[in-house]
Each structure stands twice: as structure tokens, then as C-alpha cells.
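# Coordinate analysis (summary)
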Amino acid sequence: MPVFEAVRMALRTIVSQKLKSFFSLIGVLIGVTFLIAVVSIVQGMNVYMEDQFANRLIGLNTFTLRRQPGINTGNTTEETWRAWQRRPRISYADADYITERLQTPAVTAKYCSDRMTLMYNGKQAKDIELMGTEPSYFEIKNVDIASGRIFTPQEVRAGVPVLVVGSEIGEKLFEGQDPLGKVVMIAGLPYRVIGVAAKRGTLFGISLDKFAVMPFRAPARRYICPLNVLDELEIKAANPTLMLAAMGETEALMRTRRGLRPEQENNFDLQNASGALEGWKKISKVLITALPLLVAVSLVVGGIVIMNIMLMAVAERTREIGIRKALGAKRRDILAQFVIESATLSTVGAMFGVATGIGLAYLVRAFTPLPAAVAPWSIGVGVGVGMLVGMVAGVYPASRAAQLDPITALRAE
Amino acid sequence: MSDRIIHVETLAREYVMGAERVLALRGLTLTIRRNEYVAIMGPSGSGKSTFMNLIGCLDTPSGGSYWLNGQEVSRLSDDALARVRNKEIGFVFQTFNLLPRATALHNVELPLVYAGVSSRERRERAVKALTRVGLEHRMTHKPNELSGGQRQRVAIARALVNEPSILLADEPTGNLDSTTSEEIMKVFAELHAEGQTIIVVTHEPSIAEHAERVVVLRDGLLHSDTPNTRVAA
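All figures in this text were calculated on a predicted structure; none of them were measured in a lab. (Residues numbered from 1 in each chain as written. Chains lettered and ligands numbered in written order. Predicted model: local features only at pLDDT ≥ 70, side-chain atom pairs only at ≥ 80, totals over all residues.)

## Let's talk about the overall build of chain B
A count of helical and extended segments in chain B gives eight helices and ten strands. The C-alpha atoms of chain B give a radius of gyration of 18 Å, which matches the 17 Å a tight globule of 233 residues would have. A buried classification covers 46% of the 233 residues belonging to chain B. For chain B, long-range pairs separated by at least 24 residues make up 68% of all intrachain contacts whose partners lie at least 6 apart in sequence. (Helix = DSSP H or I, 4+ residues; strand = E, 2+ residues; numbered from the N terminus. Rg over C-alpha atoms; globule rule 2.2 N^0.38 Å. Buried ≥ 20, exposed ≤ 12 C-beta atoms within 10 Å, placed from the backbone. Contact = placed C-beta atoms within 7 Å.)

See below:
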């Protein structure tokens, strides 16, 4: 029995009985759809979290020295939280100590931020992330300047009241006028805009362009940093290896400086992009582990439905089986015919499942900020698993067909 | 001896129906030679269907033996019987038994599929067989697009395509009108003239008249075995 003929016969059956085929294949279809869509979404999330979330918020090859983790994607117990609150804060002196002693080539930036209101000509821009930092910050965070310039180390040292603003502030506060040279009031003090940052877009639908950066020693510092206390020290190295070296060095320096004994835990936190993603990685792992179970359930159901359809087909086509046997079909010929037919049916269902799965992934991509990426392996696995389900489901009906007595079968109906 | 196509000796077939045992054939001995045209007759219950099933290797006897073309086939396994049916026997049924969803050509190709013949050779041989029964213009038609006589011709082409030792026809004209029946019997006569061994199972004397030998069964036993005088004459 040539495989090709059995496949063609199965396809002909599907085309001639569209609705019936649809219902018989829906189990496999849903299972495979689910597989493709979830894998796509989880993988898309992984890419998104790494590229967008962690690398944008923390920066590539960058880590932060903080009192406590800045970004938490996992669950934090209240107890842990309280322990973090008891830790000493990171002081200016801590930052200078690290910057001076770090042997690994790295760029550092002191950093403080808080939400402030910016005023211009009586108009207000509320909830603006006002950051006090050093010029190296722009390099560390890859903040590009669209027009104007960034402030200089001299301006930082002198505490000159100048600002680099995010693109959204430029648009909203100045209504299309060139922001450069305009004077903005923050907590009653004037600041001159010297630069506008390039547009950064959104993350989870939140604008990344509502910020203003000022020199670390500028007057508004007292509103965003408590005296002699830093939110964080940002440290960037040239590549991941150097970053890890710098992290190890920073940890050792801080422990020495704080006089921690070997058995004591760190009372500060070092976080890089992959560290920030630990919580998400746990979630994605659970999803990827639970996925086979969910898919398996619908595939088992799909397999049972296909088995029933094939049993019906065998009953309806008893006479055909008799004819084939009279003409010389051996048991294994009949067995192969029905197993192939069942596998073909199921594979077609799986292919439709792949199509709807990809469609679903694209819908997610179109209507959410998540870049759902269809994994090629999941298509292969989807179709393969679909075919396997069909073969397994087809064995019992096919063996019933193969066992039929030719005389009885010929007399059927 | 080599011209003995079929030889059965004390052939018996017993069916168990619940507690009852039915002897459909009670020890039949018969020889059919190459190029014979034999009609097997008998009233219903005479065992002629059972005999046909055994001759056609669709069933195995419960007693006695059956040599087909010099090979003892009465004790073969299912798959070995399938091979014998494929190579040695061409069936023509009363109800045609064509695959309804397949074209005439595809129906005729089917025995060759199971014989493992390559697709190109299959096509050539099927076209030849259909041409021989005068259906070269109907090859791509499906059975429901053909008349009864045409369907039976397709079935004959299918029976002949593997060049079997015997053509075994079971009431071949049972579903056809008398004109079409005559046409089919003419095809049989032509095939016989070309050297084909033909066995026709029928209860119609008018059909049996075409054969050169008439075997009558009754109650599972041989009742009579006579040369057909009309044909012989």
C-alpha cells in the first residue's frame, strides 16, 4: 500500500466532509494552537524582558550598587523587606571609594531620582522623573541627545542649574517651541534647558520620555537625595566578562569598607540585567514546564476523538475493506492504510493549529507591546506531535479493520 | 497433469452456529482444467457460495484439500491466501464491488497496487485491461457515472489486470438487464476463446448455457457434472 495513496484518500475525505473533519480535528487543533501561541508569547516575553526591560532600565553590561534591589520581578516577603530597610544606605563616600579603587576598567555615575513637578510659563508638568547624576550617566544608559548637549563634569562640580529633558517634556511643556535655552522652574529655582534626549518609546505602555536630568550637585538635589545618601551607583564595563569582574571587585571593596566578616551576608545589593530578570525567569520556567501538560490534555482528547472517527470510518467502509482484501490486500496493507489515514487527518489538524497559533501570536504582537516571536522548533514539534497522536489513535481502529474476515466484509451493508 | 488448474478432494466446510453445526460442503471432489469454462449451479443452500469462497481463497476448508495451480492452498495463512488471491484469482461479483470514490482506472489498478507493481507499469496495464473490455473512453469516470454494464466491465478489467489463473464470477449478471447480460457473457466468451479459464457461479440456466461444462451441487455434494451439449455441439 503506497503511503501516497492513503494520504490522498485521507485528504479527499477531509475536503468532502469539511464540518465533520473540523470537529474531529478540533482537539488536536487546539492543542497545537496552544503550544505554538504560548511558546511564542513566552519566548517573545523573554526577548522583551531582556532587550527592553532589563537592558533599558539597568543598561547593557551595567550593574548598580544599591542598598536593596532596584527591580524586583519575583515575590519579596515582608521580612526580607524589613531586613533591607535596616541596611546602611549608600553614601557619597561609598561611591567615591568604589570609583577610586576599582581596578577593572569601568565607568561610574552617582545617581539619585524622584518625581518632581516642572513649571514653565505657568504650565505644569507633574510626576517627572528628576534625576541627579554625572555626565557618564548618558553613556551608561545609552541616552542619546537629539539636540543641544549634556552637562560637563565642571557643571556637576559647580552645581550649575541646567537640565537635559526627555522628548515628551520638550513636546508638552514648550508646545512645539525649541526647548533649548528655556528656563524651567523646579521647586522655585530656575533651570536652563541645555539638551533634549532622543525619543526612547514606551515600556509596558509606560512612557520612557518623561524625565529630566540635572547635574548631581545642582540645587534641587536636596529634594531627590537625602543628605549624603545616594539611590545608587551605576557602574558600566565594556563587556559582560569585565562587568562580572567589576561586580566581584565592588562586592569585595564594599565588604572591606563595611568591615563584614566572612560569615556575614552583604548589607548592600549589586544588581545587573540578568539579576533583575530572575523573578521573570522563574515564571517563564513554570510556563514552559506546565505547557506540555496543558497541551497533552487537549491532545489526548483530540486523539480519542480521532480514534472514534476512525472506528466509524472502518464501520462505514467495511465493504471497501472486503473488496481490498479480495483483491489481495494483506493485513498490514489495511493496517497501514488506516494508520496513515488517521495520521494524515491529525497532521492536517496540527497544521491548522500551527496556523492559528501563529495568527494568535501575531495578534498579541499587534495589540500588546509584547513581541511574540514564533519559535521554529515549536512548529516542528507541533506538527510532529499531531502526526504522532493520529498514528497512535489510528492503531486500534486500523487493527480492527485488518482483522476483518473478507467474506463477512464483502457482504456488509 | 499440468493442465489441472483446480483440484479439490473430499472438500468439506463446517460452520458452527451457536450450538448447531452446519455442514455446507460434505466432501466434494472435482477437477477443473486449464481453459475450461465451467458453470457451477445449484439451489440456495446447495453449498455453491461456500464452494466459491473456498475456490476463491476467501475461506479455508475444514476438511479435505485444495490444489490451485499445483499448490496446496487449503492450509495457508491469511496473508499467504491474500497473495494467492492477488496473483491467481480474478473476482467478478454480482454487485460489482468497485470502490465508489475511485475512478475506473484507479479501481483497475488496485490489484497491482497490492502486487507491488510500480505506478507507471500499473497505469499501462490498467489502461490495457480497460481497453480490452471496451472502456478506453471511460477511464476517468467514477462508478456512479457508469452504467451497470460498464461497471461490470470495469470489474472484469480489474479481475484480468493481474493475469490470474482463473476468472471467478459470482452471479455476474444478477444485477443487469438481459441485453447487458448478453454483452457481458459475450465478453466472457471472448476471454475464454483467448484461453482464459472461467468459473461462473449462477442459478440462472440461461447463463450456465454459455459454459462448456455444468457442475450442479445439491446439499453440499456433487449432484451432476455434465458437458454442455449445446456449446459442445
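More follows now that the structure is in view.
## So, the overall build of chain A
Helix and strand counts for chain A come out as 15 helices and 14 strands. In summary, chain A has a C-alpha radius of gyration of 33 Å against a globular reference of 22 Å for 413 residues, an excess of more than 25%. Oriented by its inertia axes, the alpha-carbon framework of chain A measures out at about 105 × 60 × 35 Å. Taking all contacts inside chain A whose residues are at least 6 apart in sequence as the whole, residues at least 24 apart take part in 83%.

## A closer look at unusual backbone geometry
Residues and elements named next belong to chain B. One non-glycine residue, C57, lies in the positive phi region at around 60°. Along the chain, C57 falls in the loop between α1 (48–55) and β4 (63–68). We classify C57 as buried; it has 25 C-beta atoms within 10 Å.

## Re the pairing of strand β10 (residues 221–227) of chain B
All names here are of chain B. Of the pairings in the sheet, the one linking strand β9 (residues 213–218) to β10 comprises six bridges and is antiparallel in character. What sits directly across from V216, in β10, is S224. Here β9 folds back onto β10, and the loop between the two strands holds two residues, one of which, D219, carries a positive phi near 55°. (Pairing = 2+ DSSP bridges.)

## Comments concerning the pairing of strand β1 (residues 4–17) of chain B
All names here are of chain B. Looking at chain direction, β1 and strand β2 (residues 20–33) are connected through eleven bridges and run antiparallel. Looking at the pairing, V16 lines up with R21 of β2. The antiparallel hairpin formed by β1 and β2 contains two residues in its connecting segment, where G18 sits at a positive phi of about 65°. Bridge count between β1 and β4: five bridges; the pairing is antiparallel.

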